[in-house]
Amino acid sequence: MTPVFLVAAALAVAGALGVILSRQPVHSVLALVLNFLGLAALYISMDAEFLGVVQLIIYAGAIMVLFLFVIGLLTARKDPVEREAGEPLPLQRPLSIAAAGTLALLLGGSLLVARFGGRPGVPTGFGTVKEFGRHLLVTHVLPFELTAFVLMVAVVGVIVLVGRKQA
Amino acid sequence: MPIDLSSVNPNLLIILPPGVLAVFALVVLVLDLYSQEKRWLAGLSLVGVLLSLVALWFASRPGAVPPGDYFGRMVTADHFTFYMVAVLLVAAGLVILFSMDWVPRRLPKVQVEYYELVLFATLGMMFMAASRDVTLIYLGLELSSQASYILAGLLRNDPRSNEAALKYFLNGALASAVLLFGLSILYGLTGTTYLPEMLVALGQAPLPLLVTAMVFVIAGFGFKVAAAPFHLWAPDAYEGAPTPVSGFFSMAPKAAAWAAVLRVFLEGLSIPQVMDKWSVLYAVLSASSMLIGNLTALWQTNVKRMMAYSSVSHAGYILVGVAAAARAPEVGAGAVLFYLLSYILTNAGIWAALVALENQGEGTEMADFRGLAQRNPALAWSLLLLFVSLIGIPPTVGFFGKFFLFRAGVQAGYVWLAVLMAINSAISVGYYYAVVRNMFFEKTEKPRLELGSSLQAVVALSVLAVLVVGLGSSPVIQYAEAALGLLGR
Amino acid sequence: MEALAVAAKSFVVINAVLVAFAYILLFERKILGWMQYRKGPNRVGPWGLLQPIADAVKMFLKEDIIPKDADRLVFQLAPIVSLAVALTAFAFVPIGPGLAVVKDADAGMLALMAVLSLEVYGVALGGWASQSKYALMGALRSTAQLISYELAMGMTVLAVFIMAGSTRFDAIVASQEGLWNIVRMPLAFLLFFIAMLAETARTPFDLPESESELVAGYHTEYSGMRFGMFFMAEYVNLVTATALITLLFLGGWLGPAFLPGWVWFLLKQSLVIFLFIWIRATLPRFRYDRLMAFGWKVMLPLAALNLVVYATWAALA
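Residues numbered from 1 in each chain as written. Chains lettered and ligands numbered in written order. Predicted model: local features only at pLDDT ≥ 70, side-chain atom pairs only at ≥ 80, totals over all residues.

1. Considerations on the overall build of chain B
A count of helices and strands for chain B gives 20 helices and 2 strands. Overall, chain B is about 70 × 55 × 45 Å in size when its C-alpha atoms are taken along their principal axes. Residues counted as buried form 63% of the 489 residues belonging to chain B. The long-range fraction of contacts in chain B, counting pairs at least 24 apart against all pairs at least 6 apart in sequence, stands at 80%. (Helix = DSSP H or I, 4+ residues; strand = E, 2+ residues; numbered from the N terminus. Buried ≥ 20, exposed ≤ 12 C-beta atoms within 10 Å, placed from the backbone. Contact = placed C-beta atoms within 7 Å.)

2. Let's talk about the overall build of chain A
The secondary structure content of chain A amounts to 6 helices and 0 strands. Taking all 167 residues of chain A together, the buried fraction comes to 27%. Contacts in chain A between residues far apart in sequence, at least 24 positions, make up 57% of those at least 6 positions apart.

3. Description of unusual backbone geometry
Glycine aside, residues mostly have negative phi, and peptide bonds are mostly found in the trans state. The residue after Ala228(B), namely Pro229(B), is reached through a cis peptide bond having omega 5 degrees. Summarising the element assignment, Pro229(B) is placed in the loop between α9 (207-225) and α10 (233-240). A cis amide bond, omega 5 degrees, links Pro394(B) with the succeeding residue Pro395(B). Here Pro395(B) is to be found in the loop between α16 (377-391) and α17 (397-411). Its identity as a non-glycine residue notwithstanding, Tyr37(C) has a phi of 55 degrees, on the positive side. Structurally, Tyr37(C) is set in the loop between α1 (2-35) and α2 (51-61).

4. So, the interface of chain A and chain B
The parts lose accessible area when they come together, and the size of an interface is often stated as this lost area. Across the boundary between the two partners, chain A contributes 25 residues, which contact 33 residues of chain B. Counting only elements with at least two residues in the side of chain A that touches chain B, the list comes to α4 (92-116), α5 (129-139) and α6 (141-162) of chain A. In terms of residue count, α6(A) provides more of the side of chain A that touches chain B than any other element does, 13 residues in total. Across the side of chain A that touches chain B, the residue classes tally to 16 nonpolar, 7 polar and 2 charged. (Nonpolar A, V, L, I, M, F, W, Y, C, P; charged D, E, K, R; others polar.)

5. With respect to the interface of chain A and chain C
Across the boundary between the two partners, chain A contributes 19 residues, which contact 20 residues of chain C. If you list the elements that add at least two residues to the side of chain A that touches chain C, you get α2 (25-45) and α3 (49-74) of chain A. Sorting elements by how many residues they give to the side of chain A that touches chain C places α3(A) first, with 12 residues. Each residue belonging to the side of chain A that touches chain C can be placed in one class, and the counts come to 13 nonpolar, 4 polar and 2 charged.

6. Some points on the nonpolar core
General note: in soluble globular proteins, nonpolar side chains tend to be found buried as a group. One finds Leu88(B), Ala91(B), Ala252(B), Ala255(B), Val336(B) and Ile344(B) to be the most contacted residues of the largest nonpolar core, which totals 216 residues. Among the elements that line this core, the one with the most residues is helix α14 (residues 329-359) of chain B, at 21 residues. Among residues more than four places away in sequence, those in contact with Leu88(B) are Thr122(B), Met125(B), Met126(B), Ala129(B), Ala252(B), Ala255(B) and Ala256(B). Core analysis: the next-biggest nonpolar cluster, separate from the first, contains 131 residues, Val54(A), Val101(C), Leu140(C) and Leu207(C) among them. (Core = buried A, V, L, I, M, F, W, Y, C linked by C-beta atoms within 7 Å.)

7. Some remarks on the environment of Glu358(B)
Residue and element names in this part refer to chain B. Examined against the element boundaries, Glu358 turns out to sit in helix α14. The sequence separation of Glu358 and Trp102 amounts to 256 residues, and the corresponding C-alpha distance is 7.7 Å. Sequence-distant contacts of Glu358, defined by excluding residues within four places in its chain, comprise Trp102, Thr243 and Thr364.

8. Focus on the arrangement of the chains
Most contacts, compared over the 2 pairs of chains touching, are made between chains A and B. Taking C-alpha atoms as the reference, chain B and chain C come no closer than 15 Å and do not contact one another.

9. A word on helix α7 (residues 159-190) of chain B
Working note: α-helix, 3.6 residues per turn, so residues spaced by three or four point in the same direction. Taking 1.5 Å of rise per residue, 32 residues should cover 46 Å, and α7(B) covers 46 Å from first to last C-alpha, within 8% of that figure. Looking one or two residues beyond α7(B), the residue adopting positive phi is Gly191(B), at roughly 75 degrees. (Expected span 1.5 Å × (residues − 1).)

10. Topic: the environment of Leu238(C)
All names here are of chain C. Mapping Leu238 onto the fold places it in helix α11 (residues 224-249). Since 25 C-beta atoms lie within 10 Å of it, Leu238 is described here as buried. Counting along the chain gives 37 residues from Leu238 to Ala201, while the straight-line C-alpha distance between them is 9.3 Å. Setting aside anything within four residues of it in sequence, one finds Leu238 in contact with Ile24, Thr200, Ile273 and Phe276.

11. Remarks on the packing of α7(B) against α9(B)
All names here are of chain B. Interhelical geometry of α7 versus α9 gives an angle of 150 degrees and a closest axis separation of 8 Å. Judged by the inter-axis angle, α7 sits roughly antiparallel to α9. Along this stretch, α7 crosses α9, giving a crossing that reads as left-handed. Taking contact as the criterion, the partners of Asn171, Ala175, Ser176, Val178, Leu179, Phe181, Gly182, Leu183, Ile185, Leu186 and Leu189 in α7 are, on α9, Leu209, Leu210, Thr212, Ala213, Phe216, Val217, Ala219, Gly220, Phe221, Phe223 and Lys224. Considering only residue class, the contact of α7 with α9 consists of 16 nonpolar, 5 polar and 1 charged. (Axes fitted to C-alpha atoms, helices over the stretch in contact; angles between N-to-C directions. Parallel < 35°, antiparallel > 145°, perpendicular 65-115°, else oblique. Left-handed = near helix turned anticlockwise from the far one by under 90°.)

12. Structural notes on the confidence of the model for chain B
All names here are of chain B. Looking at chain B, pLDDT values average 88 and 97% of them are 70 or higher. Across chain B, the element-wise mean pLDDT spans from 74 in helix α20 (residues 473-485) up to 93 in helix α6 (residues 134-152). With pTM at 0.84, the complex prediction returns an ipTM value of 0.89. (pLDDT = per-residue confidence, 0-100.)

13. Here's the deal with helix α18 (residues 415-441) of chain B
Residue and element names in this part refer to chain B. Between its terminal C-alpha atoms α18 stretches 38 Å, which fits the 39 Å expected from 27 residues at 1.5 Å a residue. Taken together, the buried positions of α18 are Leu417, Ala418, Leu420, Met421, Asn424, Ser425, Ser428, Tyr431, Tyr432, Val435, Asn438 and Met439. For α18, the secondary structure elements touched by its buried residues are α12 (272-297), α13 (303-325), α15 (372-375), α16 and α17.

Spelled out as structure tokens, the structure:
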């Protein structure tokens, strides 16, 4: 429990809470960015520098900006967000709490197992640029390339389904 | 043909079939930009599939690629891989062939994209069948699913196609998430994504978590193969999607998903503590799929929708084999593999007939089949034979497929399930007969139904295969059962 | 102790950077003046040397106006985010061997890029929170522009990483001993230079605040010191960007031994800053669609090509 861990964890938790508690969508986005900052700091404090950096570049720097872009445009007029319309599904709240509880139980259980079951720790060099690169481009080169195909299919799909060309 | 392959790096040889397909897909994608005439690109796609089959033939010859894992343990060379990849390529080839006349008529602006997406989807499915690493299995699933979502929505101006794409996408994305969640728990329990290692490490895993993960994985795959009660997206997706695309859905993606199910459950989750559990779960899914699929199909008036429910019931039949595979792996999995081939070969002809109707500007309602025997007797008799195969009456391939599943079920002690399967086959006569009655006993004024050479080829191939593979099924089933014999052992 | 040292260093560096900001601004105004046959600021102090101080006092004394409809929290936060991010990014920049606030970061350049990628938030949030169409347009443009050019920038930097075999600044500089990257990879230099112009939103890429169409872009509604913070962030980014160009392509602190390394560094950097100002005085602004087309259809493919070429070179060497 180093001070860095405490600060970063507090940031992450505060951000996560902010996401679900704020009424203004843009504030939620900002809170999520805060959460990512905390996570990145956690990674870095665990010597997984590359993971931390990538967390920032990809999630905070690219994906959340896109979120901000879209949400910012949708709420550009700052219309009050509809909140009091009630729950669309009956028993929505109890059910979601039950689901979340089950999930927490499961995850907590697996954490306990990981703690007491004597799982092997992460290998040395985990999360550094070199190890990451080796895994990505040597052992996992096939999944890596397949991901490229997945993305390209998505791009083709966007152009085919909503592009200017009329089918 | 004396070509010495022993000097070729097996890593290259095993990746050659998907590699050829990927290269052709990309080349077609680029040529689309520069070519005014689009029809030959469909031919080029077909050539890609055929060349990929040729590459597969080279790779699968004894001694070319020693059994084992390649590319960082990502791709497996065994009979299972060769068999399933061949089946998938055949399915893709048949789909491209029966789409050739339809696509220029209905999708004039996105002709080439159609073939590209079919090729990309097939590429993903090949990796689903060829890998023993859940990373690659999942990525292959995603690639094929994404391409499928887009294919379902290609008719941009048809609201039903939009609905099909949206429903398929939302359900599929949910299924992927559920599946991934299950797989990630498995990874957390074992620290590996490589199925044989997972199998070894699972022994120490706590059972409750393991069962939770297993349920998630079953539910995820259940969506993908449209087994009841996870089938609700299927009828709408099949009905709304462009007809050849629905045909594609009923043939290829499901076969690949079944391959992944067999891999994950027989190689990764086959420790005794959980085998019984998933076996029973699959047996229950099997019973519900057969009953729901067949009983609902009886009430359908649209043939595409009817075929969707029919495919749900066939998923139920296949699940008999999967459930049996827990207790009798070779027989059960062999029966599943054989059934996949028989189902694809039979379905190709039926969907070709539906495409032919749409080619003449007609619909796919029951009523559209009226008097087909007058309009094109050869097609009507072919369809009759194909329906007979789907029902499972000898001497067609469908009979042998069902017979092997039945045998596997009995051997594994699922006699009740096997009997239920026989009863359901009898029920299915009802809705197939409805089409047959319309074809032979109703009169119509409509002109002759022309098929075009590529559709004729598909129907002829389908009919031929139904007879030949059925009568000559013993080498195929031997190969299929041997395929599992080599799995992971 | 270490934390205290870092804090002290940060304090010194922040002040140094802010003073540098003030005088770079004067430098820019003077040069722009001369290039346009004017004298530039020349009233406050000898040669206008006290002008920045006068400007600073003015900023502090102006009223801090918050528009009625603005999202107060975000509106007040945005300039702070902007400046904080800019200063954090600079913390990774070494001006001599080991002369940085954060020393010897294993993923030094990557970490810097990570922080730089957050720069867009200040602008986007400021523009959004103002509830003004000009500000919103400016924010949208800058979001799109920064993300588009970040890709090309990242790809170009990858080529530099490959040639250096490391993401550390000292290794990158050391790899240029004898042959600077500007000679070894001229295309990469050009791409990176352009990307840096775009990332700092300098002419000809100053669309986020193009005064002739959007009043002042994303900071239209800001006044007083909050406007000042945006302004400062912009110039701190300029310092960081020019420092990066110096480090990655101009050999960093390498130079003949009669001057210490950091002097060489600052000399080279000043030259790059001058180049930036020169470009501002010379080139007109891009049209928006051209800007995007240039980023995606020219910069990105060229950067990818560049990467492939140098990856092949490194693999063969």
